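Examination of the molecular architecture
Chain residues, written in single-letter form:
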There are 2 protein chains.
Amino acid sequence: MAKKMQTMDGNQAAAYASYAFTEVAGIYPITPSSPMAEYTDEWAAKGMKNIFGVPVKLVELQSEGGAAGTVHGSLQAGALTTTYTASQGLLLKIPNMYKIAGELLPGVIHVSARALSAQALSIFGDHQDIYAARQTGFAMLATNSVQEVMDLAGVAHLAALKSRVPFLHFFDGFRTSHEIQKVEVMEYDDLKKLVDWKALEEFRQRALNPEHPVTRGTAQNDDIYFQTREVQNKFYDAVPDIVADYMKEISKITGREYKPFNYYGAPDAERVIIAMGSVCEAAQEVIDYLVEKGEKVGLISVHLYRPFSAKYFFDVLPKTVKKISVLDRTKEPGSLGEPLLLDIKALFYNKENAPIIVGGRYGLSSKDTTPAQVLAVFENLKKDEPKDAFTVGIVDDVTHTSLEVGPALALADPSTKACLFFGLGADGTVGANKNSIKIIGDKTDLYAQGYFAYDSKKSGGVTRSHLRFGKKPIRSTYLVSRPTFVACSVPAYLHQYDMTSGIKEGGKFLLNCVWTKEEALENIPNNVKRDLAKNKAKLFIINATALAQEIGLGQRTNTIMQAAFFKLAEIIPYEEAQQYMKDYAKKSYAKKGDEIVQLNYNAIDRGANDIIEIEVDPAWADLEVTPLNEPKEIGDCAYCQPDTEFVKKIVRPVNAIKGYDLPVSAFLGYEDGTFENGTSAFEKRGVAVDVPIWDVNKCIQCNQCSYVCPHAAIRPFLINNDELKAAPNSFTTKKATGKGLDDLVYRIQVSALDCVGCGSCANVCPANALDMRPIAESLEAHEDVNANLLI
Amino acid sequence: MAKKMQTMDGNQAAAYASYAFTEVAGIYPITPSSPMAEYTDEWAAKGMKNIFGVPVKLVELQSEGGAAGTVHGSLQAGALTTTYTASQGLLLKIPNMYKIAGELLPGVIHVSARALSAQALSIFGDHQDIYAARQTGFAMLATNSVQEVMDLAGVAHLAALKSRVPFLHFFDGFRTSHEIQKVEVMEYDDLKKLVDWKALEEFRQRALNPEHPVTRGTAQNDDIYFQTREVQNKFYDAVPDIVADYMKEISKITGREYKPFNYYGAPDAERVIIAMGSVCEAAQEVIDYLVEKGEKVGLISVHLYRPFSAKYFFDVLPKTVKKISVLDRTKEPGSLGEPLLLDIKALFYNKENAPIIVGGRYGLSSKDTTPAQVLAVFENLKKDEPKDAFTVGIVDDVTHTSLEVGPALALADPSTKACLFFGLGADGTVGANKNSIKIIGDKTDLYAQGYFAYDSKKSGGVTRSHLRFGKKPIRSTYLVSRPTFVACSVPAYLHQYDMTSGIKEGGKFLLNCVWTKEEALENIPNNVKRDLAKNKAKLFIINATALAQEIGLGQRTNTIMQAAFFKLAEIIPYEEAQQYMKDYAKKSYAKKGDEIVQLNYNAIDRGANDIIEIEVDPAWADLEVTPLNEPKEIGDCAYCQPDTEFVKKIVRPVNAIKGYDLPVSAFLGYEDGTFENGTSAFEKRGVAVDVPIWDVNKCIQCNQCSYVCPHAAIRPFLINNDELKAAPNSFTTKKATGKGLDDLVYRIQVSALDCVGCGSCANVCPANALDMRPIAESLEAHEDVNANLLI
């Protein structure tokens with residue numbers, strides 16, 4: 001059978017597979033699970049049919065608790081019911097989960113697993129949420145990649161129906177839920193064949209029905225509750241075989257072998273990692289690398305976490321194993337070990353020749369988990385007394401739990417090319433990159449992976465797009481650290497972020513800027529120059545900003561940058577890429593008319609042509625550099641506050657995307673999550689290309705500019721005479737209009753360094769009193785106007 | 001220092017100790033924790049002061065979730081804040097618990113641990129709820145008896161303040177929360193001395209305050225969340241020592257030795273049980289019994305469950321231990337073992353000479369856990385391969401998890417007298433018994449224990465009061481099965497419940513009935529006669545019903561029965577008891593006037609005097625008996641439905657209080673909690689002494705009788721001509737009054753067997769058309785009038 005390949009993220013894969021088996025979806029959105037519900041909603045609205053031939057009925061509730069109640073009620077009414085959630089959303093479902101399990105209802109929850117709000121909230125991925133539900137009586141199924149989500153999400157539904165035990169299927173929030181991969185799509189026809197129709201019929205028959213009423217939801221006393229809890233044992237006992245059987249069927253269809261526990265590695269492994277989720281993919285890369293070197297290592301990837309089946313575990317574990325490291329993506333303070341570790345120790349307890357077992361925490365809140373970290377875990381197991389209760393991926397210099405991690409390992413298939421893009425939230429960089437992945441994934445034989453790192457600022461924040469392309473399936477479930485191609489859409493980032501230190505030998509760096517070659521050479525800081533020279537990399541600039549204006553695309557530089565990427569990165573021949581880009585542009589913009597399509601064609605053509613190469617001087621390798629996370633010059637002016645200890649120690653590194661490297665000790669004194677106020681004063685990024693210049697004469701004092709500014713960068717002030725006397729010369733004002741304002745003057749103050757250059761203010765101004773001009777013009781007046789009025 | 005002893009239940013003890021340290025209580029009531037909040041509310045309303053000299057500020061929210069949010073917010077505002085909860089209430093607090101722990105706030109939650117709603121709801125006690133919160137980062141402290149609650153509840157507050165880690169203190173719902181015990185009261189002055197005032201001051205300083213604002217509740221990304229989660233390790237590392245130190249202080253004050261783990265038993269024990277909660281008390285009885293026989297057994301009672309301290313555990317564990325049985329009062333379907341078992345296995349993993357460890361479940365939903373069960377656990381450990389993952393306390397004939405339990409063991413101190421009372425919910429039996437315990441507990445040197453078993457019918461259900469009195473502290477945390485004294489307030493129970501099979505040799509059975517000696521002999525069923533004869537027990541009757549009427553107490557027979565109890569049970573000299581009862585009656589009723597006090601004095605005097613002894617014929621030992629849980633004769637009449645399979649197998653035994661003995665297999669086919677409808681038709685108990693007789697002539701058809709009846713036992717009917725023709729002769733009716741009812745007749749129908757005889761209908765009737773008459777008069781007409789109209 002021909003494989004149907006498609007490029008999608010984990011959420012889409014889960015939504016697709018679960019849609020097949022879902023009649024009712026009771027939902028409430030929460031990051032990073034929301035797209036699952038959104039896809040379901042969209043497809044249902046379009047009339048897409050599940051395997052029963054009807055669209056899903058989707059109901060959005062007032063909270064995740066309400067969604068859980070709906071799932072419970074809908075299941076009791078005889079409808080196959082699903083929900084999608086994460087984090088606190090899952091916590092709110094726990095009471096209903098006990099009920100759904102207790103009443104043996106085949107509901108399914110798909111969870112893009114996420115951290116929990118403790119010392120701070122986090123929208124990112126780990127397993128704290130799913131572990132908080134491990135005692136509810138739900139069966140739990142883990143998948144490790146977008147392809148596994150696609151292949152196994154249906155097993156949760158199939159096995160729930162057959163076993164009567166509800167399923168929670170989970171995969172890593174963001175790392176899997178938002179990672180775009182080229183995957184083989186399951187066919188609904190194949191899935192449909194796997195349904196236990198008799199079980200479905202019985203499920204329908206058990207539905208609450210006034211025609212044959214029964215009593216459910218009773219209260220039981222101390223006399224019979226215990227017995228009725230134990231009479232369910234056989235249903236749980238049956239789950240592993242049911243799941244294993246379905247996995248066999250899926251393996252037949254896909255050619256990928258699935259079991260409740262999958263083993264990967266040396267058949268005679270002595271050191272083994274046990275884990276769940278995306279880390280298993282990276283671990284496979286490390287195992288290939290080590291096994292090739294003759295090391296006896298392996299991995300057990302846990303798919304069926306609950307019920308935990310000793311039988312299937314020992315079926316796959318090599319008899320030769322002497323040491324085990326269990327990795328848990330969670331932290332349970334005060335426990336003797338994280339949950340999976342406790343299970344594995346219990347599993348081997350009192351067994352003959354029981355291996356040495358240690359456990360560790362990794363990857364909390366999407367902390368990047370790299371091959372070097374996995375290697376450190378294997379290295380730890382080499383010791384006679386391997387460190388237990390360790391952490392890996394951070395430097396714990398306080399309670400000294402962390403493993404030492406060696407230098408980065410480049411383990412991806414040699415055919416794989418990695419690219420890294422720095423963009424401004426909402427500037428279109430991420431969208432263009434998703435587009436590029438789809439082009440490459442869907443139009444060529446190459447595999448493609450995209451992961452998009454945001455901060456929580458959403459619009460206006462810094463985005464990093466991590467793209468990989470290669471001839472083999474891509475298992476690198478971690479950020480790109482050694483890119484062959486780096487692009488930067490925002491020249492201000494040069495002074496803020498380290499974009500180039502990891503560039504691969506012979507790599508390319510593309511910078512969008514309004515500078516000439518000479519200006520660029522002057523403006524590009526030493527660290528970038530040195531990185532490029534040391535790595536024999538190439539440097540390119542493009543004035544996509546001017547080009548977009550010129551073509552008529554306004555501030556939308558992304559298509560130009562995309563074209564430049566295809567030209568420089570050489571993933572596929574440029575002529576093909578050019579045609580694909582145009583095909584996609586036509587598809588995307590046809591509705592908006594031929595003119596817009598043509599503008600994008602122009603952008604595609606020009607983007608490739610207007611690239612300017614700047615020769616990299618080998619002497620740059622010896623340039624002196626200042627560390628990036630030091631206070632910036634522009635923050636050092638007379639009007640700015642001095643850095644506090646907190647700002648120096650934490651805020652500066654975090655703003656420089658160097659928070660990853662902060663050791664645990666940096667947070668001593670802030671253990672309860674307390675942060676200082678007013679830190680945005682130290683984050684004046686100056687990322688805008690153009691910022692508004694106020695025309696005092698045209699202004700009608702309507703204040704609408706301030707109202708629409710998403711970053712509070714433009715504000716109206718009323719100033720009295722005393723204040724006016726203290727103001728600098730360039731402090732233009734006009735008489736304030738309005739009742740009772742007779743003695744005051746009015747001024748619009750722009751903080752150029754806070755502005756992201758979105759132009760909303762200028763667009764909304766009814767008097768055309770705001771003109772978007774290059775930021776340099778505003779910054780020149782910095783000392784005069786950016787006075788302490790604004791702080 | 002003179003010990004201040006007081007008789008109270010676990011909830012009162014927890015409320016008392018926690019009140020000392022509480023400034024704000026954010027509450028929402030849930031059984032069985034509600035009294036903790038109610039006591040706090042009452043004391044605060046009366047102006048009782050905490051150790052800081054102010055009354056508690058109590059706030060009731062809209063749900064347990066809201067209460068948790070209030071606790072979180074109030075702690076952030078710098079107030080020492082407490083809440084009380086159980087079961088689903090605790091589940092709703094989980095999201096906030098992560099926050100409270102994450103922000104290192106010294107909040108305290110007192111939990112009367114309760115089962116969770118799964119296949120059915122249960123209000124009764126086990127540890128499912130607290131285990132569902134074990135991963136939140138709260139420290140967790142377990143207490144096993146009312147005295148331990150009193151002694152250690154304060155440690156939760158003290159240690160939370162000092163360590164900055166919030167505490168969850170829990171004890172067994174109902175078994176400890178509602179068990180009345182005579183305990184030594186902690187003095188607030190002693191507790192006050194233990195406060196870490198510096199920590200308190202620092203807590204105040206950290207409070208959110210507009211005068212020195214800080215930012216909390218931030219969002220952290222993948223860069224620093226992991227580090228900030230680990231920087232809290234040291235706070236958790238410090239908790240065990242802090243708790244151990246406070247326990248030492250408490251030990252000094254009380255003379256009772258407390259540690260994070262307490263060991264009890266042979267110093268050279270080879271077989272050890274590890275457990276938490278009230279079972280530890282019963283286990284101590286068994287250990288005394290076995291150690292005396294030379295067996296090497298012991299118990300580790302876990303007080304500090306989280307953080308779990310290996311150091312303090314191994315400090316107390318005898319080096320000689322070879323086999324361990326871990327008892328968990330929970331069930332986590334699909335796990336490899338219940339939580340405490342997993343901890344203990346992890347604790348010993350890879351240790352040299354690691355003992356054999358098995359685990360078992362017991363006591364779900366307050367399932368009575370007896371010495372015989374504990375013995376079975378120790379016996380299991382004698383085997384070379386002890387059964388693992390067992391259950392004890394039920395017969396699991398489906399998945400065969402259960403241990404075989406031998407005959408009941410009587411292990412209480414020989415000075416202990418056990419009494420058992422069968423009453424009708426709201427008839428005053430429980431109240432009178434609580435009164436008796438207080439008299440004995442507070443007025444004498446004897447220890448006293450009271451446990452009150454209800455069904456969920458509340459008013460009108462059958463109540464069983466389990467009382468013990470003795471010279472030593474009472475550790476029998478299980479139901480009375482071998483009473484020396486049994487009282488029954490409701491003669492109808494003779495045919496419904498087994499009250500006498502466990503009576504101790506030479507015991508006494510007191511029956512309240514309206515019968516003469518001869519009538520009683522005729523009415524008392526064979527099983528009772530046989531039990532009494534076999535056990536050489538004595539039989540007494542009293543017509544408390546007539547006596548109460550005569551004295552002027554209406555239906556309130558409880559004071560009379562109490563007097564009879566003191567007379568017959570001989571716990572203390574009757575003359576003393578008489579005086580104490582009168583003192584209490586005066587205290588209770590003085591406000592209602594001298595006349596009421598005198599009526600109670602009369603009841604006390606007459607109750608002791610009007611007892612009639614009936615000679616027990618030794619020949620009764622050979623009488624034939626019919627099993628109790630068979631369909632009753634009165635249910636067998638032509639108008640009643642035949643028993644369904646479900647009724648026979650489950651409803652009848654449950655109604656006969658024999659549900660305890662139902663094996664797991666009884667529930668095959670009902671695994672999802674589905675019960676048949678209409679089972680109340682099979683529960684016609686006939687417990688009323690008097691039931692209403694309808695006077696057709698006086699009735700004005702207002703229907704108020706039906707409106708007020710709490711058991712729907714009296715109902716108005718409109719009957720048409722056809723129906724009337726089919727009715728029996730005694731079916732009196734009158735012309736229906738009201739618009740459009742011209743062709744109908746009206747009748748009030750009383751179901752005597754459903755009536756509990758409360759008399760509400762007669763009281764409310766404005767026409768005096770209802771007369772409360774002995775149930776026999778109504779039952780005589782049963783076949784005629786209790787027609788299928790009512791079913």
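Presented here is an overview of the structure given in this document. Everything numeric here is computed off the predicted structure, so don't read it as measured data. (Residues numbered from 1 in each chain as written. Chains lettered and ligands numbered in written order. Predicted model: local features only at pLDDT ≥ 70, side-chain atom pairs only at ≥ 80, totals over all residues. Heavy atoms only, no water.)

1. Observations concerning the interface of chain A and chain B
Condition: Whether two residues are in contact is decided by their heavy atoms: any pair within 4.5 Å suffices. Once two parts are joined, some of their accessible surface, as seen by a 1.4 Å probe, is lost; buried area is that loss totalled over both. What makes a salt bridge here is a side-chain nitrogen of Lys or Arg within 4 Å of a carboxyl oxygen of Asp or Glu, nothing more. By the criteria applied, helices consist of DSSP H or I runs no shorter than four residues and strands consist of E runs no shorter than two, each listed in order from the N terminus. When residues are sorted by character, Ala, Val, Leu, Ile, Met, Phe, Trp, Tyr, Cys and Pro go into the nonpolar class, Asp, Glu, Lys and Arg into the charged class, and all the rest, Gly among them, into the polar class.
Chain A puts 101 residues into the contact, and the matching count from chain B is 101 residues. In total, about 9,700 Å² of surface goes out of reach between chain A and chain B, with carbon and sulfur atoms giving 59% of it. When residues of chain A are sorted by the area they lose upon contact with chain B, Asp222, Phe226 and Tyr349 of chain A head the list and together hold 9% of the total. Inspection of the chain A/chain B interface yields 8 salt bridges. Glu671 of chain A is the salt-bridge partner of Lys234 of chain B, the closest N and O atoms lying 2.8 Å from each other. If you list the elements that add at least two residues to the side of chain A that touches chain B, you get helix 5 (94-102), helix 10 (225-230), helix 11 (233-254), helix 14 (339-348), strand 14 (356-362) and strand 15 (390-392) of chain A. Taken together, the residues that form the side of chain A that touches chain B break down as 47 nonpolar, 29 polar and 25 charged.

2. A word on the packing of aromatic side chains
Operational definition: Any two of the Phe, Tyr and Trp rings considered here, Trp counted by its six-membered ring, make a pair once their centres fall within 6.5 Å; the pair's planes then place it as stacked at under 30 degrees, edge-to-face at over 60, or tilted in between. Partly exposed residues are those whose accessible area sits between 20% and 50% of the maximum for their type, while under 20% is buried and over 50% is exposed, using a 1.4 Å probe and protein chains only. Over a ring means this: the NZ of a Lys or the CZ of an Arg is within 6 Å of the ring centre and within 35 degrees of the ring normal.
Taken as a whole, this structure holds 42 aromatic pairs over all chains when the rule is applied. Between Tyr19 of chain A and Trp43 of chain A, the aromatic rings sit 5.8 Å apart at their centres with planes inclined by 75 degrees, giving edge-to-face as the arrangement. One end of the pair, Tyr19 of chain A, is in helix 1 (residues 10-21); the other, Trp43 of chain A, is in helix 2 (residues 34-45), and 24 residues separate them in sequence. Neither residue differs from the other here; Tyr19 of chain A and Trp43 of chain A are each classed as buried. Arranged with centres 4.8 Å apart and planes meeting at 65 degrees, the rings of Tyr493 of chain B and Tyr497 of chain B form a pair that is edge-to-face. We note that Tyr493 of chain B, like Tyr497 of chain B, is buried. Sitting over the ring of Phe731 of chain A, Arg747 of chain A keeps its end group 4.4 Å from the ring centre.

3. Observations concerning the environment of Lys457 of chain A
Within the secondary structure, Lys457 of chain A sits in the loop between strand 17 (447-453) and strand 18 (462-470). For the pair Lys457 of chain A and Gly425 of chain A, spaced 32 residues apart in sequence, the C-alpha to C-alpha distance is 7.9 Å.

4. Quick look at the packing of helix 3 (residues 64-76) of chain B against helix 5 (residues 94-102) of chain B
Residues and elements named next belong to chain B. The cut-off we apply is this: Axis lines are fitted through C-alpha atoms, for helices just across the contact stretch, and the angle between N-to-C directions can take any value from 0 to 180 degrees. When an angle is under 35 degrees it counts as roughly parallel; over 145 it counts as roughly antiparallel; between 65 and 115 it counts as roughly perpendicular; any other value is oblique. Crossing chirality is assigned from the near helix's rotation relative to the far helix, an anticlockwise turn below a right angle marking it left-handed and a clockwise turn marking it right-handed.
Running from N to C, helix 3 and helix 5 point in directions that differ by 15 degrees, and their axes come no closer than 9 Å. With respect to their mutual orientation, helix 3 and helix 5 come out roughly parallel. Judged by the sense of rotation from one axis to the other, the crossing of helix 3 with helix 5 is left-handed. Where helix 3 abuts helix 5, its residues Gly65, Ala68, Gly69, Val71, His72 and Leu75 lie against Asn96, Lys99 and Ile100.

5. Focus: the pairing of strand 21 (residues 538-542) of chain B
All names here are of chain B. Let me state the cut-off plainly: Here a strand pair is declared whenever DSSP counts at least two bridges between the two strands.
Within strand 21, 4 of the 5 residues are buried, leaving the element largely enclosed by the surrounding structure. Pairing of strand 20 (residues 508-512) with strand 21, which is carried by 5 bridges, proceeds in the parallel orientation. Across the sheet, Lys508 pairs through a bridge with Lys538, a residue of strand 21. Where strand 21 meets strand 22 (residues 612-614), 3 bridges bridge the pair, whose relative direction is antiparallel. Across the sheet, the residue bridging to Phe540 is Glu613, located in strand 22.

6. Some points on the environment of Leu105 of chain A
Residue and element names in this part refer to chain A. Among the secondary structure elements, Leu105 is positioned in the loop between helix 5 and strand 5 (108-113). Put simply, Leu105 and Pro307 are 202 residues apart on the chain and 16 Å apart in space, counted from C-alpha to C-alpha. Leaving out residues up to four positions away in the same chain, Leu105 has contacts with His72, Leu75, Gln76, Ile100, Arg164, Val165 and Pro166.

7. What about the side chain of His466 of chain A?
All names here are of chain A. Threshold: Pairs of N or O atoms are called polar contacts if they sit within 3.5 Å, as long as, within protein, a hydrogen donor faces a hydrogen acceptor (for residues adjacent in sequence, only side-chain-to-side-chain pairs).
Relative to the assigned elements, His466 resides in strand 18. Taking relative accessible area as the criterion, His466 reaches 5% and is therefore assigned buried. Here Val480 takes part through its backbone nitrogen, which lies 3.0 Å from a polar atom of the side chain of His466. Those residues within four positions of His466 in sequence are excluded, and the remaining contacts are Cys419, Leu420, Gln449, Gly450, Tyr451, Ala453, Leu479 and Val480.

8. So, the sheet that holds strand 22 of chain B
Residue and element names in this part refer to chain B. With mixed pairing, the 9 strands of this open sheet are ordered in space as 1-8-17-18-16-19-20-21-22. The two strands at the open ends of the sheet, each matched to only one other strand, are strand 1 (5-9) and strand 22. Neighbour-to-neighbour, the strand axes of this sheet turn through a mean angle of 20 degrees, independent of strand direction. Examined bridge by bridge, strand 16 (residues 417-424) and strand 19 (residues 485-488) share 4 bridges and lie parallel to one another. Within strand 19, the position partnered with Leu420 by the bridge is Val486.

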